[in-house]
Amino acid sequence: MKRLSRKPGLVLLLATLACLAGTVTRGAPAQPDWSKVDEETLRHYQALLRFDTSDPPGNEEPAAQYLKQVLDAEGIPATLYSLEPHRVNLVARLKGSGKKRPLLIVGHTDVVNVDPAKWQFPAFSATRNGGYVYGRGSLDDKDNVTASLMAMLLLKRQQVPLDRDVIFLAEAGEEGTTRVGIQFMVGQHFPEIDAEYCFAEGGNVTRIGGAVKYASVQTLEKIPRAIELVAHGVSGHGSVPLKTNAVVHLAAAVAATGAWKPEIRLNETTRAYFTRLATVSAAEDAARYRDPAAADDYFLDHEPRHASMLRTSVSPTVFQGGYRVNVIPSEAKATLDVRMLPDEDPAKFLDAVKRVVNDPTIDVHYAQRDTRPGAANARLDSDAFKITEAAITKHYNTTTLPTMSTGATDMAYLRAKGIQCLGVGPAIDFEDGPKGYGAHSDQERLLESELHRFVHFYYDAVAGIAGTGAAPAASGSGSRGAK
Ligand SMILES: [Zn+2]
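Residues numbered from 1 in each chain as written. Predicted model: local features only at pLDDT ≥ 70, side-chain atom pairs only at ≥ 80, totals over all residues. Heavy atoms only, no water.

### Let's talk about the pattern of salt bridges
The line we're drawing: Whenever a carboxyl oxygen of Asp or Glu lies within 4 Å of a side-chain nitrogen of Lys or Arg, that contact is scored as a salt bridge. A helix here means a DSSP run of H or I that spans at least four residues, while a strand means a run of E at least two residues long, and both kinds are numbered starting from the N terminus. Between buried and exposed lies partly exposed: a residue is buried under 20% and exposed over 50% of the maximum accessible area for its type, with that area taken using a 1.4 Å probe on protein chains only.
Considering all chains together, one arrives at 33 salt bridges under this definition. Across the pair D72 and K68 runs a salt bridge whose closest N-O atoms are separated by 3.3 Å. Here the residue D72 and the residue K68 both occupy positions in helix α2 (residues 61-73), the gap between them amounting to four residues, near one helical turn. The partly exposed category is assigned to K68, whose relative accessible area is 22%. A salt bridge links D163 to K99, with the shortest nitrogen-to-oxygen separation between them at 4.0 Å. One end of the pair, D163, is in the loop between α3 (142-157) and β6 (166-171); the other, K99, is in the loop between β2 (88-94) and β3 (103-108), and 64 residues separate them in sequence. D163 gets classed as buried once you look at its relative accessible area, which sits at 6%. K99 sits in the exposed class, given a relative accessible area of 65%. Because the salt bridges share partners, they merge into one network encompassing R207, D429, E450 and R453.

See the structure below:
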């Protein structure tokens, strides 16, 4: 998935205002000897980064086998599932008392492709340099895979008493081939991953100038759709202009849809997002965040992602028409990238687009696209959200912003099945994205210290959500519990 970036000047650090909502405090789970655990974390992270799981073709099998072998050695049962050869998903489960429904923790083992010439260190070398680990997947999403793995190992070793099962899903195919990954698992093996809550990618903690500014937890995402505009006219010789020229009609339609500002609608997530963002922002920015609808024009000019968060968005992205200079073509076609608010009515929205186009020679319809199902947001008043927020406060001492992604993740499939999903991730430097070190960039890296902080946070959050809150059976802090 694509990480978000935000304008740095917007934000003032006001960590003391963290936690607008009440926190749920539970007894901290038994803590391991973190210095030893950190070494182990780094070893697994580097091992995972060294598998070339570029998708396409994917080939997640060696990574899944590696995870299985680590879990097997710890006595945690893991099963492999694949729809196609070498596209392997792994599911492992720690049993709880069954008092509550399971918690699912998810990471994807595939990564996007690389251009090897652009990499300072080879993309699958997991090179350590200057406090960073470099490698494709270091941010997307082998950080979450590693944190999930470590949570499983530590819950087992520390013998944390669980009120619910914790299920680890290391999935294939997130980067564009979901049919072999989340769609396959939800469609054919759902009982193996069915849960009340889930953790997956999609959030992160933003650092600016090396200081933590806020944490984003993804609780909702927009739904990608595609709309095609097809203009039909009379073909003819280019030397004789025609009023029916399909290219001219299409150009006007594309201009109209591009300039259109669909209706603004906030939801629970975006309302909380802007309200909380205001508390960590400078006065001028804060005023806009307190009334985001009124700041729409400013957002369109200066913070376009925020404008997109207010509405179903439309971006014309493809324009096709004509094949030689002296022929007026009879047809021209454009495609709009539409990102729907989760509560949008697709039929009504298509009617609205037709009204904007307002041209009987243009056919307006939905086109095929790898879309995601729509679903309601993860509740902000759930125990899982509050425990996650408390763990963020503990480890990052900052405000948690619930976010609606303008992009799409595999959580959509899980939310559509009723699972409350929260997107989390490690702290990354805001400045690193523009330098070309972000997810899907020509280079990718994560600070080792932030990998470790993320694993510590993740363990506390998972143990908080799934644990009984009681002391562990054995006082094994600092040593490995019985296998
Ligand atoms: Zn991803």
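This is not the end of the story, as more comes after the structure.
### Things to note about the side chain of T41
Here is the rule we go by: The criterion used for residue contact is that any of the two residues' heavy atoms lie within 4.5 Å.
Mapping T41 onto the fold places it in helix α1 (residues 34-49). The buried category is assigned to T41, whose relative accessible area is 0%. Apart from the residues lying within four places of it in its own chain, the contact partners of T41 are T146, M150, L451, H452 and V455.

### A short note on the packing of helix α6 (residues 246-259) against helix α11 (residues 346-357)
Selection criterion: Where helices are involved, their axes are fitted lines through C-alpha atoms of the stretch in contact, as for all axes, and angles between N-to-C directions lie from 0 to 180°. The scheme is simple: roughly parallel for angles under 35 degrees, roughly antiparallel for over 145, roughly perpendicular for 65 to 115, oblique for anything else. Each crossing gets its handedness from the near helix: less than a right angle anticlockwise from the far helix is left-handed, clockwise is right-handed. Amino acids outside the nonpolar list (Ala, Val, Leu, Ile, Met, Phe, Trp, Tyr, Cys, Pro) and the charged list (Asp, Glu, Lys, Arg) are all regarded as polar, and Gly is one of them.
At a minimum axis distance of 9 Å, the contact between α6 and α11 shows a crossing angle of 125°. On the basis of the axis angle, α6 is oblique to α11. Seen from above, α6 lies across α11 with right-handed handedness. Across the interface between the two elements, A253, A256 and T257 of α6 pack against V353, V356 and V357 of α11. Here the residues of the contact of α6 with α11 are counted per class, giving five nonpolar, one polar and no charged.

### Concerning α1
Cut-off, in case you're wondering: To estimate the expected span of a helix, subtract one from its residue number and multiply by 1.5 Å.
The terminal C-alpha atoms of α1 lie 22 Å apart, and with 16 residues this matches the ideal 22 Å at 1.5 Å per residue to within 8%. Taken as a whole, α1 has its buried residues at W34, V37, D38, E40, T41, L42, H44, Y45, Q46, A47, L48 and L49. Against α2, β4 (128-129), β5 (132-134), α3, β19 (445-447) and α15 (448-466) lie the buried residues of α1.

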